[in-house]
Amino acid sequence: KTDNVKAVVSTQSTGEHIPVKAKDRIAWRIDKKTKPTGWDLEWGIEEDSMLLVGVYEYGLGNWDKIIADAKLNLADKIFPADSEGKPRPEHLQTRAEYLLKNLPKLMTKSPTKAPKKKERKDRK
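Described below are features of the structure shown in this document. No experiment lies behind these values; they were computed from the predicted model shown.

**So, the overall build of the protein chain**
Then step 1. Looking only at helices and strands, the protein chain features five helices and zero strands.
Then step 2. In the protein chain, buried positions account for 37% of the 124 residues.
Then step 3. Put simply, of all contacts in the protein chain between residues at least 6 apart along the chain, 65% involve residues at least 24 apart.

**Observations concerning the packing of aromatic side chains**
Then step 1. Taken as a whole and judged by the stated rule, the model has one aromatic pair.
Then step 2. Between Trp39 and Trp43, the aromatic rings sit 4.9 Å apart at their centres with planes inclined by 75°, giving edge-to-face as the arrangement.
Then step 3. A relative accessible area of 14% places Trp39 in the buried class.
Then step 4. Residue Trp43 is classed as buried on the basis of its relative accessible area, which comes to 10%.
Then step 5. The ring of Tyr98 carries the charged tip of Lys35 above its face, separated from the ring centre by 4.6 Å.

**Some details on helix 5 (residues 89-106)**
Then step 1. The sharpest bend along helix 5 reaches about 40° and sits at Leu100, with the proline Pro104 one to four residues further on.
Then step 2. Taken together, the buried positions of helix 5 are occupied by Pro89, His91, Leu92, Arg95, Ala96, Tyr98, Leu99, Leu100, Asn102, Leu103 and Leu106.

Here is what the cut-offs are and how they apply
- Residues numbered from 1 in each chain as written.
- Predicted model: local features only at pLDDT ≥ 70, side-chain atom pairs only at ≥ 80, totals over all residues.
- Heavy atoms only, no water.
- Helix = DSSP H or I, 4+ residues; strand = E, 2+ residues; numbered from the N terminus.
- Buried < 20%, exposed > 50% of the residue type's maximum accessible area, 1.4 Å probe, protein only.
- Contact = heavy atoms within 4.5 Å.
- Phe/Tyr/Trp six-rings, centres within 6.5 Å; stacked < 30°, edge-to-face > 60°.
- Lys NZ or Arg CZ within 6 Å of the ring centre and 35° of its normal.
- Bend = angle between axes of the 7 residues up to and from the residue.

Structure, rendered in structure tokens:
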């Protein structure tokens with residue numbers, strides 16, 4: 001299942017933005033401001049970036065593995081599922097979906113983006 005999710009995630013928006021090499025991936029960051037979360041803990045570009053790296057590595061919905069990965073540094077930022085605080089795993093799902101959908105807009109560089117064609121003007 002994880003391989004299928006990784007394939008889908010890779011071919012959608014993250015594949016052209018998130019590095020393939022693990023060493024480069026952990027240093028990768030979104031480079032534009034994301035929408036505020038309204039969660040009980042501080043959450044910003046750093047956490048959003050690591051959330052996407054975790055989704056890339058473990059698959060969407062594998063929150064236990066993402067939270068447990070010490071290099072992502074998200075364990076202290078996520079409340080248990082039975083808690084009242086935000087974010088909980090269900091909030092991560094919504095946030096990850098927002099980030100994946102908007103990733104091309106959240107990056108200043110898109111190395112695989114084709115240049116726009118100029119419209120032809122009719123001659124009079």
